[in-house]
Amino acid sequence: MKRFLGFLVKEFYHIFRDYRTMVILFGMPVIQILLFGFAIRNEIKDTKIAILDYSRDNVTQEISNKILSSGYFILSDNLFNEKELEEEFKKGTIKEIIIFEQNFSENLYKTGKANIQLILDASEANLANMVMGYTNSILKEYQKEISGKYSSPPSITTEVKMRYNPELKSVYMFVPGIMAIILMLVSALMTSISITREKELGTMEILLVSPLNPLMIIIGKVIPYLILGIINAVIILLISANVFNVPVSGSNILLLAETVLFVITALSLGILISTLVNDQQTAMMISLAGLMLPTVMLSGYVFPIENMPVVLQWLSHILPAKWYVIIVKSIMLKGSGFGYIWKETLILAGMTIFLILLSIKKFKIRLF
Amino acid sequence: MKTILHILKKEFLQIFRNRSMLPMIFVMPLVQLLILSNAATYEIKNINYCLVDLDQSTFSRDLAERFRQNGYFILSGNEFSTNEAIEGFKTNQWKLILHIPKDFEKDFRREGKSKVQLLINAEDGAAAGLINNYSSNIVQQFNQDIITEYIPSGGSMNMPPMINVNFTNWYNPELNYKTYMVPGILVALVTMIGTFLTGMNIAREKEIGTIEQLNVTPIKKYQFIVGKLFPFWIIGLFELAFGLMLGRIIYDIPMLGSPVVLFSLTGIYLISMLGIGLLISTITDTQQQAMFIAWFIMVIFILMGGIFTAVESMPDWAQKLTFFNPISHFSKAIRMIMLKGSGFKDLVREFTALSGFAFLIITFAVLRYRKTN
Amino acid sequence: MNMEKIIDAENLTKKFGNFIAVNDVTFQVGQGEIFGFLGANGAGKTTAIKMLCGLLTPTGGKATVAGFDVFKETEKIKNNIGYMSQRFSLYEDLTVAENLEFYGGVYGLRKNIIKDKTDYFLKLLNMEEERNKLLKSLPLGWKQKLAFLTAIIHEPKIVFLDEPTGGVDPVMRRQFWTLIYKAAEEGTTVFVTTHYMDEAEYCGRISMMVDGKIAALDTPTKLKEKFNASTMHEVFVKIARG
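Residues numbered from 1 in each chain as written. Chains lettered and ligands numbered in written order. Predicted model: local features only at pLDDT ≥ 70, side-chain atom pairs only at ≥ 80, totals over all residues.

**Overview of the overall build of chain A**
Looking only at helices and strands, chain A features 14 helices and five strands. For 368 residues, the compact-globule estimate of 2.2 N^0.38 gives 21 Å, and the C-alpha radius of gyration of chain A, at 28 Å, exceeds that figure by more than 25%. Along the first, second and third principal axes, the C-alpha atoms of chain A reach 95 × 45 × 40 Å. (Helix = DSSP H or I, 4+ residues; strand = E, 2+ residues; numbered from the N terminus. Rg over C-alpha atoms; globule rule 2.2 N^0.38 Å.)

In structure tokens:
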């Protein structure tokens, strides 16, 4: 036991003395979560648009003013004919062109119908969608104003309640995702690389001929990362609660316990990778391409899983991160107790046991 | 010159002998294009919803029917109280609860006013916004239809004038997300090749000790740097060509602009990314460190660069910062060239900015790189 | 000692923060000599050698190597020296011939000369069959001998060897030293660090380093006389005890 402790201390020294990696390990979650919270939003602001107004009357002027004073758009150019459209878009600065037809106000009030044409630069599809939505809602608002002067028909109002995230903040979505990613990174990637590094440098052999039990060696290598992962998770939760006001509404202890389980899953993945490969570059490639990428894409934290092709949905089931994200969201945002997430927990635990058994088997084949 | 050729020969031999290199060059773009472009859509389809119909009238059934037939929604439960339905949020059975109160039809007929309640699981704020949009539209349409259907068409009502809004999506009329994602993925690919491989390659020589051997030779700094960076520059350009080809074959992504413009811009862009890789290797001792720093920088650059999230949706200060992010210029330019057919004269700003970065970063990296400590 | 001084170090010092790795070291090495730097691990041998090769800038004193200043003319020094580091310095993923070709090319040797040298070296080492094998498939002793020959492929005036025989068996070390003698006979100055005391006997002159300082400097025979010892090992133990 004393030997093992000595070895453990050595591993801690290795990791904590490498201050660059430390800075990144602790800086990464902080910066990512701040970026997601402050910089990446799903709303638009100061988007540049152009207006082509064939009518130039009071109504078109009023509508233009309404659009430009909304804060979402700024006018980049007034155009005079349709030939200019293409040129404008090719320069890439403006995202939308609003065209008012000729005799707009006359048409509106005499025939009861006037046309506005919106042309969107859809090379950024997501943005085009948002720009269209925002413009449309301003126009609808205007429509309501002019309709108000007339007697209103019977109507059904919709009352919308946004549960769990009334302001539709994106941090709510990203906190669980970032936790999954960072924990994957620290646990699976770092472990696999640090073990293959010892293999590559030949120091693994020295450890293996020492009186330490191989299992002890692996456990000793893994414990520091387990602790690092938990510290990281706590930091993320503290930031999300104190900076973004996304507190944990369920039990902290349950969340922590689930996090430990997930870290262990990730660590066993890292160990498995390191038993399969012999050099750091390959370990990194497998971890990045095989773990990080699917975790980012398929765990449902950036893109909703329900909208993916069925094959990818199946694929997402074998990702531990997917289940962990569901668990974290349930505990953090909905305040669910264990009764609601036992299924996900069981899946995660099952994966962990499977991975550990598999790596023990591989480890033995390699070394004895 | 001859020295550079010797270094180049050695680098290429090592690169192609590395077992993980070829899969990386060929498999990574394929996987990314296949998985990423399919996974990454912000479109919302197949929304599971729960119906709480307390009215059980013709109206309520008609409205429920419209949700069922809309195509975006899938009915996955019927409950008789909102509280029970909310349990379903917790177990992730549905994202939307459509609550039709008692007397929904009666109120409408008698008082000309009634309401439905939409409860949306808003953990994912953006998706919740879209669900709200879709369902409100259905309710509105329903409203209009029943006005004409149930209210006798007494011309007595003074109909308000209507503004009719049409819209056209240029360059990607069907808002095909793949057309949007593929250029973004190409940017990510080229960038990763540039920074990761360069950073790790030099860190590797440091780690195994061969860098010292090189440092006692009369190799000049510029020879070493050119010899180290040039192979990855070629690989980066090749990666772009390969990715473009795959995008064309698999998804029929258009390439409206001139390949010459695209490749020369990529060439310039790659220089700055390779420079960043070189810089990373000057401040690290091991591959592990190099990889982490590269990852860190990449995450920030990609998130802030407008590849997958629009720059326009960032706050002011963040939008200003994107000017200093080479990725944002490059990802903007690649979409302009591929999807809009923009030419050199439309891209003067991007060319200038990227050349500036390339020059600055390389100069800095060369100054930082030392043969003697 | 009437030979031309090819290395001339005076009060050479290197500090890392508060730690003085090499402390005020003065010595000369003559042309064609085999000069040994002995000492325990951490005595400052590697730091000294790195300063002379132009890999580290000294913090004090002065030194010339092949007539060039170690402060200002490091790049000129590099044309005149060969270096084999403690850590393995050839590329494991290149073949024997490719390694020689690369280093030869870097020193600006012409293709036919590199080829002749390669033929000659491989014959010398009896490794003709390994010519196109990847380096990683060879045993350590072979790799080290090859690394030495690579370090002198451009016929440098001086070759610096930093613990060249670490981790190989005595037979291999013996063979390695045969190569060193051969190089010295051909006029190359050899500057070698080691902590194997038996190897010290092979050197022309020896400087014993303790804690960054030179504790003794002379030929092995004279050192043994002076300290009244029968082997270099005894000499070392006596010096280390103070």
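**With respect to the sheet that holds strand β1 (residues 5-16) of chain C**
All names here are of chain C. With respect to topology, four strands assemble into an open sheet ordered β2-β1-β4-β5, the strand pairing being antiparallel. The sheet terminates laterally at β2 (19-30) and β5 (68-69), the two strands that pair on one side only. Direction of pairing for β1 relative to β2: antiparallel, over a ladder of eight bridges. Directly across from Lys-15, in β2, lies its bridge partner Ile-20. (Pairing = 2+ DSSP bridges.)

**Overview of the domain arrangement of chain B**
Split into domains, chain B comes out as domain 1 (47-150) and domain 2 (176-368). With centres defined by C-alpha atoms, the gap from domain 1 of chain B to domain 2 of chain B works out at 48 Å. (Domains from an automatic or database assignment.)

**Re the nonpolar core**
Ranked by internal contacts, the top residues of the largest apolar core, which has 272 residues, are Val175(A), Leu183(A), Met184(A), Tyr49(B), Leu52(C) and Phe160(C). Element by element, the count of residues in this core is highest for helix α7 (residues 171-201) of chain A, at 19 residues. In this structure Leu52(C) touches Ile7(C), Ala63(C), Val65(C), Val70(C) and Phe160(C), once residues within four positions along its chain are discounted. (Core = buried A, V, L, I, M, F, W, Y, C linked by C-beta atoms within 7 Å. Buried ≥ 20, exposed ≤ 12 C-beta atoms within 10 Å, placed from the backbone. Contact = placed C-beta atoms within 7 Å.)

**Structural notes on the sheet that holds strand β6 (residues 81-84) of chain C**
All names here are of chain C. Pairing within the open sheet is mixed, and its six strands lie in the order β6-β7-β8-β3-β9-β10. In this open sheet, the two strands that pair with only one neighbour each are β6 and β10 (213-218). Ignoring strand direction, the axes of neighbouring strands in this sheet form an average angle of 15°. With five bridges connecting them, strand β3 (residues 34-39) and strand β9 (residues 205-210) associate as parallel partners. For Gly-39, the partnering residue across the bridge sits in β9 and is Met-209. Against the sheet, helix α1 (residues 45-53) engages β3, β6, β7 (158-162), β8 (189-194) and β9, with an angle of about 150° to β7. Against the sheet, helix α5 (residues 140-151) makes contact with β6 and β7, and its axis sits at roughly 160° relative to β6, the strand it touches most. (Axes fitted to C-alpha atoms, helices over the stretch in contact; angles between N-to-C directions.)

**A short note on the interface of chain B and chain C**
In this assembly, 19 residues from chain B lie in contact with 24 residues from chain C. Looking at the side of chain B that touches chain C, the elements that each hand over two or more residues are α1 (2-17) and α8 (210-215) of chain B. Sort the elements by how many residues they give to the side of chain B that touches chain C and α1(B) lands first, with seven residues. In terms of residue class, the side of chain B that touches chain C is made up of four nonpolar, eleven polar and four charged. (Nonpolar A, V, L, I, M, F, W, Y, C, P; charged D, E, K, R; others polar.)

**What to know about the confidence of the model for chain B**
All names here are of chain B. With 95% of its residues at a pLDDT of 70 or more, chain B shows a mean pLDDT of 84. Within chain B, strand β5 (residues 162-170) has the poorest average pLDDT of any element, 75, and helix α10 (residues 259-282) the best, 93. Taken over the whole predicted complex, pTM reads 0.79, whereas the ipTM for its chain interfaces reads 0.79. (pLDDT = per-residue confidence, 0-100.)

**Focus: the packing of helix α3 (residues 58-69) of chain B against helix α5 (residues 104-111) of chain B**
Two quantities define a packed helix pair, namely the angle between the axes and the distance from one axis to the other. Residue and element names in this part refer to chain B. For the pair α3 and α5, interaxial distance at closest approach is 7 Å and the crossing angle is 110°. It follows from the interaxial angle that α3 and α5 lie roughly perpendicular. Contacts from Thr-58, Phe-59 and Ser-60 in α3 reach Phe-104, Glu-105 and Phe-108 in α5. Of the residues assigned to the contact of α3 with α5, the class counts are three nonpolar, two polar and one charged. (Parallel < 35°, antiparallel > 145°, perpendicular 65-115°, else oblique.)

**Topic: the interface of chain B and chain A**
Facing 95 residues of chain B, the contacting portion of chain A comprises 95 residues. Secondary structure elements with two or more residues in the side of chain B that touches chain A: α2 (21-39), α4 (82-90), β4 (113-121), α6 (125-150), β5, α7 (177-208), α11 (287-304) and α13 (326-340) of chain B. Grouping the amino acids of the side of chain B that touches chain A by side-chain chemistry returns 52 nonpolar, 30 polar and 13 charged. As paired elements, strand β5 (residues 155-163) of chain A and β4(B) share nine bridges and run parallel to each other. Each bridged residue has a counterpart across the sheet, and for Ser155(A) the counterpart in β4(B) is Lys113(B).

**A word on the arrangement of the chains**
Comparison of the two pairs of chains in contact shows the highest number of contacts for chains A and B. The two units chain A and chain C never meet; even their closest C-alpha atoms stay 11 Å apart.

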